[in-house]
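Chain and residue survey
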Amino acid sequence: MSFEEQQDFARQVADLNKYGQALNRCESVEEVVSLTLEAMSLLFQFSYSTFIEVREGELEVVHSTNPRLTQGGKPGPVAREAFETGETVTTTGTEAGLNSDSDVTATLAVPAQVGGEVTAILVTRSTSVDTFGEEYSRPLEILASHAATAISNIRSRERLERARQDLETRKEMIEMYDRLLRHDLGNDLQIIAGFADAVAGEVEGQTADYVGKIQRAAESSADLIERVGNLVSTLEEQDEPEPRDLRSILEATVTEVDANFSELTIDFDPETADYRVYSGELLDSVFTNLLSNAAVHNDEPVKMDISVVETGNDAILVVFADDGKGVPESIRAEIFEMGAKGPDSSGTGFGLGFVRALTESYGGGVTVGESEMGGAEFHVTLQRA
């Protein structure tokens, strides 16, 4: 018998819709789990129900009415099969139980998916039926879909909240560095420059050359402090992430950079970027930095491909791949640190640090590797709105 052919089909659909609405109002994963198990009990009235969440690729029992399974424990092989195949799995007979002396006669495991990625698995076991047909699997699949959506929304909210908290912490540190750079170091440099100017008129020869070097170093340091101060002020003023149109931001950035760097050829299909992502007003600066770096840090003309893909955790990945000389593997780990730069770079080393600070404040991140074209490949991760 199919799900639709059951006499109580309309009632089950109504119940599932009610639970779906209730699940979307849940504020925590624990609420989702409790409500899902309640729904499973109402729908099937079978002996055992288990909710399994996928955490960093590992299966973990969140809650189960089966006394043989404990919270935080590992589930049975049927759940593992549902996770690995991404499909509903049924077992019967001796294979249905967790061990040989089990009274379970049939087991049904349904993967809950979002964006093609399994995020949870619902398992029900019966001691009264010999097999699970579509009349059981279909409603459980619908319920699993509701649960997966609810968990995905909660995890997204949690990531954004962490991003907001990180942003507040970052602002506090920025304020401290700003005071240190502009006030304390700035005053010391003024003193150095003042004494150097006074000495310059009193000496000559090699000593005068030394004084000139002191003056130039003081001027260069003061200029660097001013630039860093402007950067940290910009980060300090960042608002909380909000939904923005990725396509329009990327299109405008590509147009601007393309006009300014004739040696850079950019291949980008705007239709692939039809997404809304959580970010701030400076997202275009992130893209501008990565695009212009390809032109500035390569001696020959450079070709860059920009692609946008979905990941399985409600995130969008923007990939910038070029055929330039790339980023040496030895410095990839620290290239995003403030002040870090490549051995041949003439910049301040704050550009990529700025990129990382911004993307992390949006709840995303940035990494670098080698592209298939032999150059650098930057991955910018942003949360999908």
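Residues numbered from 1 in each chain as written. Predicted model: local features only at pLDDT ≥ 70, side-chain atom pairs only at ≥ 80, totals over all residues. Heavy atoms only, no water.

Along the backbone of the protein there are eight helices and twelve strands. Approximately 19900 Å² of the protein is accessible, and the part contributed by carbon and sulfur atoms is 46%. (Helix = DSSP H or I, 4+ residues; strand = E, 2+ residues; numbered from the N terminus. Areas by Shrake-Rupley, 256 points an atom, 1.4 Å probe, with all protein chains shown as cover.)

Spatial strand order, S2-S1-S5-S4-S3: five strands in an open sheet with antiparallel pairing. Where the open sheet ends on each side, the last strands, each with one partner, are strand S2 (58–64) and strand S3 (89–92). In this sheet, adjacent strand axes meet at a mean angle of 20° when their direction is disregarded. Pairing geometry for strand S4 (residues 106–114) and strand S5 (residues 117–126), over nine bridges, is antiparallel. In the sheet register, Ala109 faces S5, and the bridge partner there is Val123. Sheet strands touched by helix H2 (residues 29–44): strand S1 (48–55), S2 and S5. Its angle to S1, the strand with the most contacts, is close to 150°. (Pairing = 2+ DSSP bridges. Axes fitted to C-alpha atoms, helices over the stretch in contact; angles between N-to-C directions. Contact = heavy atoms within 4.5 Å.)

Moving on, we come to H2. The terminal C-alpha atoms of H2, which comprises 16 residues, lie 22 Å apart, in line with the 22 Å expected from a rise of 1.5 Å per residue. Within H2, burial applies to Val29, Val32, Val33, Leu35, Thr36, Leu37, Ala39, Met40, Leu43 and Phe44. Immediately downstream of H2, the backbone of Gln45 shows phi near 55°, a positive value. (Expected span 1.5 Å × (residues − 1). Buried < 20%, exposed > 50% of the residue type's maximum accessible area, 1.4 Å probe, protein only.)

Moving on to the sheet that holds strand S7 (residues 264–268). If you walk across this open sheet you meet the five strands as S7-S9-S10-S12-S11, and the pairing is mixed. Single-partner strands in this sheet number two, and they are S7 and strand S11 (365–370). Across the sheet, the mean angle from the axis of one strand to that of its neighbour is 20°, orientation sign disregarded. Relative to the sheet, helix H6 (residues 246–260) contacts S7, strand S9 (302–310), strand S10 (315–322) and strand S12 (376–383), its axis offset from that of S7 by approximately 160°. Sheet contacts for helix H7 (residues 283–296): S7, S9, S10 and S12; angle to S12, the most-contacted strand, approximately 175°.

Throughout the structure, instances matching the rule amount to ten salt bridges. Here Arg55 ties to Glu53 by a salt bridge, and the two come within 3.0 Å at their closest N and O atoms. Arg244 serves as the salt-bridge partner of Glu242, at 3.2 Å between the closest nitrogen and oxygen. What emerges from the salt-bridge pattern is a single network uniting Glu53, Arg55, Glu60, Arg155 and Glu158. (Salt bridge = Lys/Arg side-chain N within 4 Å of Asp/Glu carboxyl O.)

The next thing to look at is the nonpolar core. Leu246, Phe287, Val318, Phe320 and Phe378 are the most contacted members of the largest nonpolar core, which totals 42 residues. Per-element accounting of this core gives the leading share, seven residues, to H7. Aside from chain neighbours lying at most four places away, what touches Leu246 is Ala273, Tyr275, Val277, Leu283, Phe287, Val308, Ile316, Val318 and Leu382. Core analysis: the next-biggest nonpolar cluster, separate from the first, contains 34 residues, Leu16, Phe44, Val114 and Leu143 among them. (Core = buried A, V, L, I, M, F, W, Y, C linked by side-chain atoms within 4.5 Å.)

With that settled, consider the packing of aromatic side chains. Here the structure, examined in full by the defined rule, presents three aromatic pairs. Ring geometry for Phe132 against Tyr136: centres 5.5 Å apart, planes inclined by 85°, an arrangement best described as edge-to-face. Using a relative accessible area of 6% as the deciding quantity, one classes Phe132 as buried. Considering the side-chain rings of Phe336 and Phe378, the 6.2 Å spacing of their centres and the 85° angle between planes classify their relative orientation as edge-to-face. (Phe/Tyr/Trp six-rings, centres within 6.5 Å; stacked < 30°, edge-to-face > 60°.)

Where H7 contacts helix H8 (residues 351–361), the axes come no closer than 9 Å and their chain directions differ by 150°. Between H7 and H8, the angle falls in the class roughly antiparallel. The way H7 lies across H8 gives a crossing that is left-handed. Contact residues: Ser285, Val286, Asn289, Leu290 and Asn293 in H7; Gly351, Leu352, Phe354, Val355, Leu358 and Thr359 in H8. (Parallel < 35°, antiparallel > 145°, perpendicular 65-115°, else oblique. Left-handed = near helix turned anticlockwise from the far one by under 90°.)

Moving on: the side chain of Asn289. Assignment of secondary structure puts Asn289 in helix H7. If near-sequence neighbours (up to four positions away) are discounted, Asn289 is found in contact with Gly351, Leu352 and Val355.

Across six bridges, the pairing between S1 and S2 is antiparallel. Bridge pairing links Phe51 to His63 in S2. Taken together, S1 and the strand that follows it, S2, pair antiparallel across an intervening segment of two residues, in which Glu56 is found at a positive phi of about 55°.

Position of Gly72 relative to the elements: it lies in the loop between S2 and helix H3 (77–85). Using a relative accessible area of 38% as the deciding quantity, one classes Gly72 as partly exposed. The spatial distance from the C-alpha of Gly72 to the C-alpha of Val62 is 6.0 Å, given a sequence separation of ten residues. Among residues more than four places away in sequence, those in contact with Gly72 are Glu60 and Val61.

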